[in-house]
Amino acid sequence: MNYKDDRGEVFDFHALRNFYISTVVGGKVSAKVAQKLARHSTPNLTIGRYSRAHLSELVSALDALPPLANPASAAQNVATGEKSRKPRSAWRSTRTAKQENQMLRAAKRPEN
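The present account deals with the structure reproduced in this document.

Reading the values: the criteria
Residues numbered from 1 in each chain as written. Predicted model: local features only at pLDDT ≥ 70, side-chain atom pairs only at ≥ 80, totals over all residues. Heavy atoms only, no water. Helix = DSSP H or I, 4+ residues; strand = E, 2+ residues; numbered from the N terminus. Buried < 20%, exposed > 50% of the residue type's maximum accessible area, 1.4 Å probe, protein only. Contact = heavy atoms within 4.5 Å. Areas by Shrake-Rupley, 256 points an atom, 1.4 Å probe, with all protein chains shown as cover. Expected span 1.5 Å × (residues − 1). Polar contact = N/O pair within 3.5 Å; in protein donor to acceptor, adjacent residues only side chain to side chain. Axes fitted to C-alpha atoms, helices over the stretch in contact; angles between N-to-C directions. Parallel < 35°, antiparallel > 145°, perpendicular 65-115°, else oblique. Nonpolar A, V, L, I, M, F, W, Y, C, P; charged D, E, K, R; others polar.

1. Observations concerning the overall build of the chain
Here's step 1: Scanning the chain from terminus to terminus reveals 7 helices and 0 strands.
Here's step 2: The linear arrangement of helices and strands in the chain, starting from the amino end, is α-α-α-α-α-α-α.
Here's step 3: For the chain, buried positions account for 10% of its 112 residues.
Here's step 4: Here the analysis covers contacts within the chain between residues at least 6 apart in sequence; of these, 27% occur between residues at least 24 apart.
Here's step 5: Total accessible area on the chain is roughly 10100 Å²; 58% of this is exposed by carbon and sulfur atoms.

In structure tokens form, the structure reads like this:
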């Protein structure tokens, strides 16, 4: 077996170990189990060296978040008599930077 392939990638004991431990860590086992299987002194060493955050995992994590706008809470606000309004951040995002600057300058001008 060749040590390097045509692309210059290396296959040796450490490459095999890296693949093995990365696969264990990616298998959603606990950090302690991965540490023991890797025969490392601490879980931090194992997770710090062999864990990867792949794009598909990041997307899945974001998809698991609850929605920001909850229709049930809007209905609850109406039922309790609270006025429904956009959050301040929603109003700000509809203005351009030029409009924001004009408003700031107008607020700083002294009244005659």
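Alright, that's what it looks like, and here's the rest.
2. Here we look at helix α1 (residues 13–26)
Here's step 1: In this model, α1 (14 residues) spans 20 Å end to end at C-alpha, consistent with the 20 Å of a helix rising 1.5 Å per residue.
Here's step 2: Contacts made by the buried residues of α1 are with α2 (31–38) and α3 (43–50).
Here's step 3: At the N-terminal end of α1, a side-chain oxygen is found 3.2 Å from the backbone nitrogen of histidine 14, two or three residues along, and the residue is aspartate 12.
Here's step 4: Phi for lysine 28, located one or two positions after α1, is positive at around 65°.

3. A look at the environment of valine 25
Here's step 1: Within the secondary structure layout, valine 25 lies in helix α1.
Here's step 2: For the pair formed by valine 25 and glutamine 35, sequence separation is 10 residues and the distance between their alpha carbons is 9.0 Å.
Here's step 3: Other than its neighbours up to four places away in sequence, valine 25 contacts Ala34, Thr46, Ile47, Tyr50 and Ser51.

4. Digging into the packing of α1 against α3
Here's step 1: Two elements in contact, α1 and α3, have axes whose closest approach is 10 Å; the angle formed by their N-to-C orientations is 105°. Relative to α3, α1 is oriented roughly perpendicular. On α3, the residues touching Arg17, Asn18, Ile21, Ser22 and Val25 of α1 are Thr46, Ile47, Arg49 and Tyr50.

5. Digging into the packing of α2 against α3
Here's step 1: It is the contact of α2 with α3, at a shortest axis distance of 8 Å, that shows an interaxial angle of 90°. Considering the angle they form, α2 stands roughly perpendicular to α3. Contact residues: Ala31, Lys32, Ala34, Gln35 and Ala38 in α2; Pro43, Thr46 and Ile47 in α3.
Here's step 2: Residue composition of the contact of α2 with α3, by class: 5 nonpolar, 2 polar and 1 charged.

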